[in-house]
Amino acid sequence: MNLIKRYWLTALASIVALVVFVTPFIFIILMAVKDRQQAALRDMSWPINFQLVENFLAVVQARDYMLITAYINSTILTVGSVTILVIVASMVGFVLQRHPTKWTPVVEFFVMAGLMIPPAVVPTIWLLQGIGLFKTLHGMILIEVAYNMSFAVILYRQFVATIPREMDEAAIIDGAKPLDVFFRVVFPMMWPVTVTNIVVQSVGIFNDFVNPLYYLPGRGNETVQLTLYSFQSQFNTQYNLLFMDILLVTIPPLLVFLFFNRQIVAGLSAGAIKG
Amino acid sequence: MTMKMTTRLARGAALSTAAILLATSANAQTLTFFTGNDQAVVAYSEAVAEAFEAANPGVTVEVEVGPGGTERDNMVKSRLATGTMSDVFVYNAGSLFQAINPMQTTVDLSNEPWQDSILESFKQTVTAQDGTVRGAPFGMAMGGGVLYNKPIYEELGLEVPMTWDQFMSNNQAVADAGYVPVIQTYGDTWTSQLFVLADYFNVQAAEPDFAERYTNNEAKYATSEAAMAGFQYLEDVNEAGYLNEDYGAATLADGLRMVATGEGAHYPMLTFALGTIGQNYPDNLNDVGFFAIPGDSPDVNGATIWMPTGLYVASEGPNVELAKQFVAFAASPEIACDLQMEVAPVTGPFLVAGCELPEDVPAGVADMQPYFEADGRTAPALEFLSPIKGPNLENLTVEVGSGIRPAAEAAELYDEDVRKQAQQLGLEGW
């Protein structure tokens, strides 16, 4: 009795979470192993013909192994942009918070503008063409960095405020050069917010659909989200292959989350105590 | 198999590594080709590319697949505007073609020798305002009308209706027998427009100059009895209670399932859907027939035709000459007829002279043939005769078909929508 009283809310929350998060995932898996006829019904039914291997091979082999190329592209895009974002945004956040000058409001205005003003496609393409980066992965990486920079800078800026200034001063007194102060003292202490940034940005960039669609056209430039177009179209959709593709595309972000999950929790609580 | 897979993997890896290392430099012998993403279109595009590579050693064709619908409109326009379109691209003919400013963005193909074998009815839909022809047909024509379930017709002893009244009495018989008389699928809003758009043959039969007067701001849907009829039909079938229960949420896939497997009798649709039925319900493909939307008189009965997409050459591409060769190759009967029939399902007649449909076409395609063989039993859809098509038609037809808005009011609102679109296109007289 006491147990029920104590844990009913937890139990209820678990059940709700199960329904909300696990049901769609089960639906994806069931759809992914059905044959084409049954998948066209799009209902929550047990597959009549199990086609796990057939569907998997059909998706992977589609359009000359496009999915493999897409995985490589997406991985480079995600890892590349998140690395640059973390390094650059943490430096900007640190300087903005630690050394206010008369330029600080100007920089902050541009950071806010990056959040508020929506990017325009045609001028961006024009600029990329001008510097020869259009239709290239490194151009795409720079775009993702630019679009997500503001959010990352704001996260870092807020966090740096919780790191005591005495830490920097102690390091300087001990003879550390400016770069050492940042990379060997401050940056490691920013680990919790770095993890948050890595998770949020990598999921966002990995799942980005619209930007690669416009800025990274061309055969061989596909990212994983764009492979969904191979199986879904206005007039004719192969639902079994579409859901198999969704399943394959969902796995990497899920792994990232599972891998970093403990770190996020540990990092957040550690930061809270220090702050 | 494993061997092949490894080399392909390696090639995929090498390809993307190369893409990272350097910006792709323009190679004179590489042709880029931007096509649609329907399964049949992709299969056909890749087959054409492969055949072209085989016929022209040293040339590589890169096939790029892009989305359909409004996303394609945005993408094609932004890529043409920035000069980043592939050398050859596939896009709609008719009013959407006019909207990409073809005189600037595409290459004039009027004087190419292969134009002689292209049917005039297609050419006029890819002709820019200065009278030059800019495209070649890529695909098959489609009929717009009603897909019907033949076993239900046989069971109830019904005949293909030649007038709207016969159609409605057929519906009553179907309803009495316990089947769904008319399938509507507003989960995919565009499917709601068929009663209005596919009725254009009857509009043209009653008012032969409707398209011209409509473009010149003289004819209106709300004031033309013939043009109003399409909206009225939608209202009629809803009021009579002939629709499937889930018409508000059902999708194209549901509608095709219902008409193919005999859950419902009639589904107003384009005949491209026969290709999808052939893939999803191969056993039921020949259970689905086709008839045109019937009008007032049994003597005037014909189908409204949708033209296939066109193949265009982007004017800013680096390989215009090679691209022209590619289009000529794709428009030749060997490719446009023989190869296409081999790799894609036959869903309608061809637009290249000398192309014969095979004997064993699906029943629905066979039902289209009589319309094409007789004189004056086909008319192109209005969107191929006039550059104006209001973007909100599908919302209005959903409202009428759901009984939310009366037909007359929807027709008036559509006229207003058309006016805005015409002003946006900068047409004279609006």
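Every value quoted in this text rests on a predicted model; they were computed, and no experiment measured them.

Definitions and cut-offs
Residues numbered from 1 in each chain as written. Chains lettered and ligands numbered in written order. Predicted model: local features only at pLDDT ≥ 70, side-chain atom pairs only at ≥ 80, totals over all residues. Heavy atoms only, no water. Helix = DSSP H or I, 4+ residues; strand = E, 2+ residues; numbered from the N terminus. Buried < 20%, exposed > 50% of the residue type's maximum accessible area, 1.4 Å probe, protein only. Contact = heavy atoms within 4.5 Å. Areas by Shrake-Rupley, 256 points an atom, 1.4 Å probe, with all protein chains shown as cover. Lys, Arg positive; Asp, Glu negative; His and termini not counted. Charge placed at Lys NZ, Arg CZ, Asp CG, Glu CD. Axes fitted to C-alpha atoms, helices over the stretch in contact; angles between N-to-C directions. Parallel < 35°, antiparallel > 145°, perpendicular 65-115°, else oblique. Left-handed = near helix turned anticlockwise from the far one by under 90°. Nonpolar A, V, L, I, M, F, W, Y, C, P; charged D, E, K, R; others polar. Salt bridge = Lys/Arg side-chain N within 4 Å of Asp/Glu carboxyl O. Domains from an automatic or database assignment. Buried area = accessible area lost by both parts, 1.4 Å probe. Polar contact = N/O pair within 3.5 Å; in protein donor to acceptor, adjacent residues only side chain to side chain. Phe/Tyr/Trp six-rings, centres within 6.5 Å; stacked < 30°, edge-to-face > 60°. Pairing = 2+ DSSP bridges. Core = buried A, V, L, I, M, F, W, Y, C linked by side-chain atoms within 4.5 Å.

Moving on: the overall build of chain A. Counting secondary structure elements, chain A contains 11 helices and zero strands. Principal-axis analysis of the C-alpha atoms gives chain A an extent of 70 × 70 × 30 Å. Counting every position in chain A, which comprises 275 residues, the buried fraction comes to 44%. Residue pairs at least 24 apart in sequence account for 71% of intrachain contacts in chain A once pairs closer than 6 positions are excluded. Of the roughly 14,700 Å² that chain A leaves accessible, carbon and sulfur atoms contribute 74%. A gap of 5 Å separates the mean positions of the 16 positive and 14 negative side-chain charges of chain A.

For the rest of this paragraph, the subject is the packing of helix H12 (residues 225-239) of chain B against helix H19 (residues 407-425) of chain B. Residues and elements named next belong to chain B. The N-to-C vectors of H12 and H19 enclose an angle of 140°; their axes lie 9 Å apart at closest approach. Relative to H19, the element H12 lies oblique. H19 is crossed by H12, and the crossing has right-handed handedness. Residue-level contacts link Met228, Phe231, Gln232 and Glu235 of H12 to Ala407, Ala408, Ala410, Ala411 and Tyr414 of H19. For the contact of H12 with H19, the per-class residue count stands at seven nonpolar, one polar and one charged.

Another aspect to go through is the pattern of salt bridges. This structure, assessed with the given rule, holds 17 salt bridges over all chains. Residue Asp168 of chain A is joined to Arg98 of chain A by a salt bridge in which the shortest nitrogen-to-oxygen separation is 2.6 Å. Within this pair, whereas Asp168 of chain A is found in helix H7 (residues 165-173), its partner Arg98 of chain A is found in helix H3 (residues 52-98), the two being separated by 70 residues in sequence. For the pair formed by Asp168 of chain A and Arg98 of chain A, the shared burial category is buried. Glu112 of chain B is paired through a salt bridge with Lys324 of chain B; the nearest N and O atoms lie 3.9 Å apart. You can see Glu112 of chain B sitting in the loop between helix H5 (102-105) and helix H6 (120-123) and its partner Lys324 of chain B sitting in helix H15 (residues 320-331), a full 212 residues away along the chain. Just as Glu112 of chain B is buried, Lys324 of chain B falls in that class too. Overlapping salt bridges bring together Arg42 of chain A together with Asp254, Arg257 and Glu263 of chain B as one network.

A few words on unusual backbone geometry. The phi dihedral of Asp64 of chain A is positive, around 60°, even though this residue is not glycine. Unusually for a residue other than glycine, Asn101 of chain B sits at a positive phi of about 60°. By secondary structure assignment, the location of Asn101 of chain B is in the loop between helix H4 (95-99) and H5.

What follows covers the domain arrangement of chain B. Residue and element names in this part refer to chain B. Per the domain assignment, the segments making up chain B are domain 1 (24-140 + 308-343) and domain 2 (142-306 + 367-425). Facing nine residues of domain 1, the contacting portion of domain 2 comprises 11 residues. Of the roughly 670 Å² buried between domain 1 and domain 2 on both sides combined, carbon and sulfur atoms contribute 54%. For the pair domain 1 and domain 2, the number of links is two residue pairs in polar contact (both at pLDDT 80 or more).

Quick look at the packing of aromatic side chains now. Per the stated rule, a full pass over the model turns up 32 aromatic pairs over all chains. On the numbers, 5.0 Å between centres and 80° between planes, the contact of Phe182 of chain A with Phe183 of chain A is edge-to-face. Residue classification places Phe183 of chain A among the partly exposed positions, given a relative accessible area of 36%. Seen in terms of ring centroids, Tyr186 of chain B and Tyr247 of chain B are 5.6 Å apart; in terms of plane orientation they differ by 80°. Their pairing is edge-to-face. Of this pair, Tyr186 of chain B sits in the loop between strand E6 (180-182) and helix H9 (194-197) while Tyr247 of chain B sits in the loop between H12 and helix H13 (252-261), placing them 61 residues apart in sequence.

Okay, the interface of chain A and chain B next. With 40 residues of chain A at the interface, the matching set in chain B holds 45 residues. A buried area of about 3,800 Å², summed over both sides, lies between chain A and chain B, and 56% of it is on carbon and sulfur atoms. Taken together, the links from chain A to chain B amount to two salt bridges. A salt bridge links Arg63 of chain A to Glu46 of chain B, with the nearest nitrogen and oxygen atoms 3.0 Å apart. Secondary structure elements with two or more residues in the side of chain A that touches chain B: helix H2 (36-39), H3, helix H5 (121-130), helix H6 (137-160) and helix H10 (210-215) of chain A. At nine residues, the largest contribution of residues to the side of chain A that touches chain B is made by H3 of chain A.

So, about the side chain of Asp415 of chain B. Residues and elements named next belong to chain B. Structurally, Asp415 can be placed in helix H19. Put simply, Asp415 is tucked away with no salt bridge, and the nearest opposite charge, on Lys220, sits 5.4 Å away. A polar side-chain atom of Asp415 sits 2.9 Å from the main-chain amide nitrogen of Ala222. Apart from residues no more than four positions distant in its own chain, Asp415 is found in contact with Lys220, Tyr221 and Ala222.

Residues and elements named next belong to chain B. Read across the sheet, five strands follow the order E2-E1-E3-E10-E4 without closing on themselves; strand pairing throughout is mixed. Taken across any chain shown, the strands that pair with only one partner, and hence form the sheet edges, are strand E2 (60-65) and strand E4 (135-138). Shown here is a sheet whose adjacent strand axes are inclined to one another by a mean of 25°, direction ignored. Where strand E1 (residues 30-35) lies against E2, six bridges are found, and the strand directions are parallel. Counted as the bridge partner of Thr32 is Glu62 from E2. Where H15 meets the sheet, its contacts fall on E1, E2, strand E3 (88-91), E4 and strand E10 (309-313), and the angle it forms with E10 comes to roughly 155°.

By the secondary structure assignment, Gln238 of chain A is in the loop between H10 and helix H11 (239-274). Beyond its immediate sequence surroundings of up to four residues, Gln238 of chain A is in contact with Arg36, Ser230 and Phe231 of chain A together with Gln39 of chain B.

Residue and element names in this part refer to chain B. If you look at the biggest cluster of nonpolar residues, it comprises 139 residues, and the most contacted ones within it are Phe89 and Phe231. Here this core takes seven residues from H12, the largest share from any one element. For this core, the two domains that each supply at least three residues are domain 1 (24-140 + 308-343) and domain 2 (142-306 + 367-425). Residues in contact with Phe89, not counting those within four places in the same chain, are Phe34, Val76, Leu80, Ile100, Thr106, Gly310, Leu311, Tyr312, Val313 and Ala314.

Looking now at the packing of H12 of chain B against helix H18 (residues 393-401) of chain B. Residue and element names in this part refer to chain B. Running from amino to carboxyl end, H12 crosses H18 at an angle of 35°, the nearest separation of the two axes being 8 Å. Together, Phe231, Leu234, Glu235 and Asn238 of H12 and Leu393, Thr397, Val400 and Gly401 of H18 make up the contact between the two elements. Looking at the contact of H12 with H18 residue by residue, the class counts come to four nonpolar, three polar and one charged.

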